[in-house]
Amino acid sequence: MPGLLLATGQFLPVSDVHRLANTSTLTRLVMNADGEVLDMGRKVRRATTAQRRVILSRYATCMVDGCHLPAHLCQIDHIDNWSDGGATDLDKLGPTCQFHNRDRYRNPHRYRLYRAGKDRWAFTYLGTRPGRR
């Protein structure tokens, strides 16, 4: 049975379907009702415009406790660092100011992550003193 390309209505021979199945990779994408991508896994590092809009509606400031920099001036940061396997999915992103973004990456032991609501995360800054946790 041939394959059907939904975008064009073109039929593919079975040999092409087998070749595509053997040489392609799958990418998981989650979209909103308007077709805007919200979750992109590890395929890309940067948040989309749609993701940024949603994040800015959830957060007023940097997600580090006590930092009052408005979210719209923050960078969109991965909850789990991208370099450690963090995903670019809406539920794993939040705003951090440039200082906290860099410091959290370089000194993860200084921060404690916690769930601040159904759709929100926050970090508590633990400080720089050795042994403090």
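Parameters and conventions
- For every chain, the first residue of its written sequence is number 1, and the numbers climb from 1 along that sequence.
- pLDDT decides what is reported in this predicted model: residues at 70 or higher carry local features, side-chain atom pairs at 80 or more are listed and counted, and totals for whole chains, interfaces and linings draw on all residues regardless.
- Side-chain measures here rest on the full set of heavy atoms in the structure, leaving out hydrogens and waters.
- Every helix listed is a DSSP run of H or I at least four residues long, and every strand listed is a run of E at least two residues long, numbered separately from the N terminus.
- When accessible area is computed with a 1.4 Å probe and restricted to protein chains, residues below 20% of their type maximum are described as buried, those above 50% as exposed, and intermediate ones as partly exposed.
- Residue contacts follow a heavy-atom distance rule, with two residues in contact if any of their heavy atoms lie within 4.5 Å.
- To qualify as a nonpolar core, a set must consist of buried Ala, Val, Leu, Ile, Met, Phe, Trp, Tyr and Cys residues joined through side-chain atoms within 4.5 Å.
- When two rings of Phe, Tyr or Trp (its six-membered ring) have centres within 6.5 Å they constitute a pair, described as stacked for plane angles under 30 degrees, edge-to-face for angles over 60, and tilted for the intermediate range.
- Charge-over-ring placement is defined geometrically: NZ (Lys) or CZ (Arg) within 6 Å of the ring centre, and within 35 degrees of the ring normal.
- Strand pairing is defined by DSSP finding a minimum of two bridges between the two strands.
- We count a salt bridge whenever a side-chain nitrogen from Lys or Arg sits within 4 Å of a carboxyl oxygen from Asp or Glu.
- The arc in question is traced by the directions running from the helix axis to the C-beta atoms.

> I'd like to hear about the environment of Asp80, residue by residue, with values.
In this structure, Asp80 sits in the loop between strand S5 (75-78) and strand S6 (93-96). Overall, the relative accessible area of 38% leaves Asp80 in the partly exposed class. In the structure, Asp80 is positioned 33 residues away from Leu113 in sequence and 9.6 Å away in space, judged by C-alpha atoms. Beyond its immediate sequence surroundings of up to four residues, Asp80 is in contact with Gly86 and Lys92.

> Give a description of the nonpolar core that names residues and reports values.
Counting 16 residues, the largest nonpolar core has Ile55, Tyr59, Cys62, Met63, Val64 and Phe123 as the members making the most contacts within it. Aside from chain neighbours lying at most four places away, what touches Val64 is Thr96, His100, Tyr111, Phe123 and Tyr125.

> Pulling in residues and values, what's your account of the packing of aromatic side chains?
Enumeration over the complete set of coordinates arrives at 2 aromatic pairs. Seen from their ring centres, Tyr111 and Phe123 are 6.4 Å apart, and the 90 degrees between their planes marks the pair as edge-to-face. A residue pair is termed long-range when its members are at least 10 positions apart, and Tyr111 in strand S7 (residues 111-117) and Phe123 in strand S8 (residues 120-125) qualify at 12 residues. Within the aromatic cluster, the residues linked to one another by ring pairs are Tyr111, Phe123 and Tyr125. The side chain of Arg115 reaches across the aromatic face of Trp121, ending 4.0 Å from its centre.

> How would you summarise the pairing of S8 if you had to cite specific residues and measurements?
By the bridge criterion, 6 bridges tie S7 to S8 in an arrangement that is antiparallel. Residue pairing across strands places Tyr114 opposite Ala122, the latter belonging to S8. The hairpin turn running from S7 into S8, its antiparallel successor, is 2 residues long.

> Tell me about the pattern of salt bridges, and please be specific about residues and values.
Here the structure, examined in full by the defined rule, presents 4 salt bridges. Salt-bridge contacts for Arg110 lead to Asp103; the nearest nitrogen and oxygen are separated by 3.1 Å. Take Arg110 and Asp103: they sit in the same class, and that class is buried.

> Summarise helix H2 (residues 49-58); cite the residues concerned and give the values.
Regarding H2, the residues found buried are Ala50, Gln51 and Ile55. In a view along the axis of H2, the buried residues occupy a sector of 135 degrees, so they form one face of it. Along H2, the residues that are exposed and aim more than 90 degrees away from the buried face are Thr49 and Ser57.

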